[in-house]
Amino acid sequence: MSKHHNHSQTHLGHRARKRFGQNFLNDDGIIEEIVDAINPEPGENLIEIGPGLAALTEPVADRSGHLKVVEIDRDLVERLRTHPFLNQKLDVIEADALKTDFRQFAAEKPVRVFGNLPYNISTPLIFHLLSFADSIEDMHFMLQKEVVDRLAAQPGSKNYGRISVGVQQACEVTPVVYVPPSAFTPPPKVESAVVRLTPYKDSPYPVKDRKQLHSLCLTAFNQRRKTIRNNLKGLIPAEQLESLGIDPSARPETLSVEDYCKLSDWLTEQAE
Ligand code: SAM
């Protein structure tokens, strides 16, 4: 145990960098479960965000034959580019995934995106990817379990909030694997889980302007204990809430994804 403890910041000769949210998977059983959930097939257009020391990259490449990876850490990029047998199977892109245009990878067919994400940027990264939803077949991400709970939350639950609405409007959300801290080196302070996000081809909740929806949700959930009327004061009049069938005295977490889409479309129409 002390041995594990002494070496817990270093994995396969690489010292984990906190600023890049580096927690490397070390558990073969869990890695296999995750790769089974992704189910990569030969010829698919796969792209991994943050391959790190290739814990997921290698077994995925074994099944798919080839994949693209986006990594920000220059040392890790160098290791991947000079890796004795993996380098043949990889297209290594040194970049910040938050600033990457994912549409460029989908010229021929939609991409399948996956990654054990750096937790400090996971929410902005998911929203960044949603702006390319029509270029994406599906996504599998390791996230803090708490974030997966929020993505999957239904109206009325304490976990339901702006990211539940923003993501559920665009994607089917399926939690797939639970992962304890001990599966990583160094172990994170929180529990983790892998979630599958499948963008809808035809969303059950169509919305005119997704950016409008996201900014509306920021405002609507700003103070959860206030009523929807108060949170949206100055933006949407109470009479308008009523005419859309929404009780102005309801709390923001009781409105459905569809309700938020209706409110968002009303705002978009006002701006037209
Ligand atoms: N996939 C590896 C694994 O499962 O063991 C590493 C996962 S580690 C949690 C996150 C990885 O994302 C690291 O390799 C880190 O350098 C990389 N990373 C951090 N920020 C990034 C960014 N903005 N764009 C691309 N990669 C990033």
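Residues numbered from 1 in each chain as written. Predicted model: local features only at pLDDT ≥ 70, side-chain atom pairs only at ≥ 80, totals over all residues. Heavy atoms only, no water.

Selection criterion: UniProt positions are given in the numbering used here, feature names are shortened, and annotations may be inferred rather than shown by experiment.
Per an unreviewed UniProt entry, the protein goes by Ribosomal RNA small subunit methyltransferase A and derives from Idiomarina zobellii. Among the UniProt annotations of the protein, the heading Subcellular location (unreviewed entry) holds the following wording: "Cytoplasm".

**Some words on unusual backbone geometry**
Note the following rule: Only DSSP runs of H or I reaching four residues or more are called helices, and only runs of E reaching two or more are called strands; each is numbered from the N terminus. The cut-offs for exposure are 20% and 50% of the maximum accessible area for each residue type, with area from a 1.4 Å probe on protein chains only; residues under the lower value are buried, those over the upper are exposed, and the others partly exposed.
Backbone torsion omega between T185 and P186 reads -15 degrees, so that peptide bond is classified as cis. Secondary-structure assignment places P186 in the loop between strand 10 (184–185) and strand 11 (192–199). Its identity as a non-glycine residue notwithstanding, L12 has a phi of 50 degrees, on the positive side. Position of L12 relative to the elements: it lies in the loop between strand 1 (10–11) and strand 2 (14–15). Classification of L12 as exposed rests on a relative accessible area of 56%. Phi is positive for A54, which is not a glycine, with a value near 75 degrees.

**With respect to the packing of helix 2 (residues 28–38) against helix 3 (residues 57–64)**
Under the convention used in this document: The angle between two axes is taken between their N-to-C directions and runs from 0 to 180 degrees, where each axis is a line fitted to C-alpha atoms and a helix contributes only its stretch in contact. Should an angle fall under 35 degrees it is called roughly parallel, over 145 degrees roughly antiparallel, and 65 to 115 degrees roughly perpendicular, with every other angle called oblique. When the near helix sits turned anticlockwise from the far one by under a right angle, the crossing is termed left-handed; a clockwise turn instead gives a right-handed crossing. Note on contacts: a residue pair is in contact if any heavy atoms of the two residues lie within 4.5 Å. Polar here means any residue outside two lists: the nonpolar Ala, Val, Leu, Ile, Met, Phe, Trp, Tyr, Cys and Pro, and the charged Asp, Glu, Lys and Arg; Gly therefore counts as polar.
Contact pair helix 2 / helix 3: the axes reach a minimum separation of 10 Å and the direction vectors enclose 45 degrees. Between helix 2 and helix 3, the crossing angle belongs to the class labelled oblique. Two packed elements cross with a definite hand, and for helix 2 against helix 3 that hand is right-handed. Residues I31, V35 and D36 of helix 2 pack against P59, V60 and R63 of helix 3. Its residues assigned to classes, the contact of helix 2 with helix 3 comprises four nonpolar, no polar and two charged.

**Examining helix 4 (residues 74–81)**
This is how the line gets drawn: Starting at the helix axis, one direction is taken to each C-beta atom, and the arc is that of these directions. Here a polar contact is taken to be a pair of N or O atoms separated by no more than 3.5 Å, where protein atoms must pair a possible hydrogen donor with a possible acceptor and residues adjacent in sequence count only if both atoms sit in side chains.
Within helix 4 the residues assigned to the buried category are L76, V77 and L80. Buried residues along helix 4 cover an arc of 105 degrees about the axis, so they all sit on one side. Summarising the contacts, the buried residues of helix 4 are in contact with strand 2, strand 3 (24–25), strand 5 (67–71) and strand 6 (90–94). Its side-chain oxygen at 2.9 Å from the backbone nitrogen of D75, D73 defines the N-terminal cap of helix 4.

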